[in-house]
Amino acid sequence: MPYLHQPGFLERLSEHERQRLGQICPPRVIQPGELLHREGDTCQSLLILIEGQVKLSRVAGVGQERIVYVAGNGDLLGINFLDQDAIHSTTAVCLSRVMVCPVEKSQMERVSRELPNVPLRLAQVLAERVGQLEAQLEVSSAPAAFRLGRTFAWLAQRFSMPDFSPWRDLPMELKQEDLAAMCGITRVTVTHTLGELRNLGLVKGTRGRYQVNLKALEAWLEGFADGV
């Protein structure tokens, strides 16, 4: 299933590699609502997201925001930083308290010498990201209910903490405008489709805070895809 969580970059490194990487490239903390970079800014470093969530968006059409990804623990931002003319293709805003490990070009050379496994794991994660983007393209023309359900399932898989309850809490605030931008649909459509998912017992919550019945939603998505 394309919405299942893929292990992040840091999860692929040993404890020694993570500690040494943090010594070479000291982490820093950014507060909720702060900007990491704007679309069009020069890309000067790779950002390894250690904890927190970051909204990546770009302007589409007549100034309308389109959220292309919500980054979490182990994700990478600024992956084209080694390109001399690289610029950021999205605007990155912290949805929560965020800790990042910035890696400059000169530091990457040192990391490659001392920790040769790190560039290999980086390449592996980037290859999987391409597959995720291809999967997103496959559902870009799917019905709104499937797109919104798939987004909720992915968010729950990626960011929620499992427990004995079938319901997973999403740890970030998501306005209906955010959900519309992530799914490529209108806010009015989100409002209507949210009602459908609530009636099916798949999602509950409002005012930006949501809970997802993950197993039931996954089963519904599989059945929906089989019926298309």
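Everything in this summary refers to the structure shown in the same document. (Residues numbered from 1 in each chain as written. Predicted model: local features only at pLDDT ≥ 70, side-chain atom pairs only at ≥ 80, totals over all residues. Heavy atoms only, no water.)

## Quick notes on the sheet that holds strand β9 (residues 167-169)
No. 1: With antiparallel pairing, the three strands of this open sheet are ordered in space as β9-β11-β10. With one partner strand each, in any of the chains shown, β9 and β10 (203-206) form the two edges of the open sheet. The average undirected angle you get between the axes of adjacent strands in this sheet is 20°.
No. 2: By the bridge criterion, three bridges tie β9 to strand β11 (residues 209-213) in an arrangement that is antiparallel. Along β11, the bridge assignment pairs Asp 169 with Gln 211. (Pairing = 2+ DSSP bridges. Helix = DSSP H or I, 4+ residues; strand = E, 2+ residues; numbered from the N terminus. Axes fitted to C-alpha atoms, helices over the stretch in contact; angles between N-to-C directions.)

## Observations concerning the pairing of strand β4 (residues 54-60)
No. 1: Across seven bridges, the pairing between β4 and strand β5 (residues 64-71) is antiparallel. Following the sheet pairing, Arg 58 is matched in β5 by Arg 66.
No. 2: Across four bridges, the pairing between β4 and strand β7 (residues 91-94) is antiparallel. In the sheet register, Ser 57 faces β7, and the bridge partner there is Thr 91.

## Describing the sheet that holds strand β3 (residues 45-51)
No. 1: In spatial order, the strands read β1-β8-β3-β6; together these four strands make up an open sheet with antiparallel pairing. Unpaired on one side and paired on the other, β1 (28-30) and β6 (76-77) mark the two borders of the sheet.
No. 2: Sheet topology note: the β3/β6 ladder contains two bridges and is antiparallel. Of the residues in β6, the one forming a bridge with Leu 47 is Leu 77.

## Observations regarding helix α6 (residues 187-199)
No. 1: For α6, which comprises 13 residues, the first-to-last C-alpha distance of 19 Å matches the rise-based estimate of 18 Å (1.5 Å per residue) to within 8%.
No. 2: Taken residue by residue, α6 has Val 190, Thr 193, Leu 194 and Leu 197 as its buried positions. One face of α6 carries all of its buried residues, which in axial projection span an arc of 115°. More than 90 degrees from the buried face of α6, the exposed residues found are Val 188, His 192 and Asn 199.
No. 3: Phi turns positive, to about 75°, at Gly 201, one or two residues after α6. (Expected span 1.5 Å × (residues − 1). Buried < 20%, exposed > 50% of the residue type's maximum accessible area, 1.4 Å probe, protein only. Arc of directions from axis to C-beta.)

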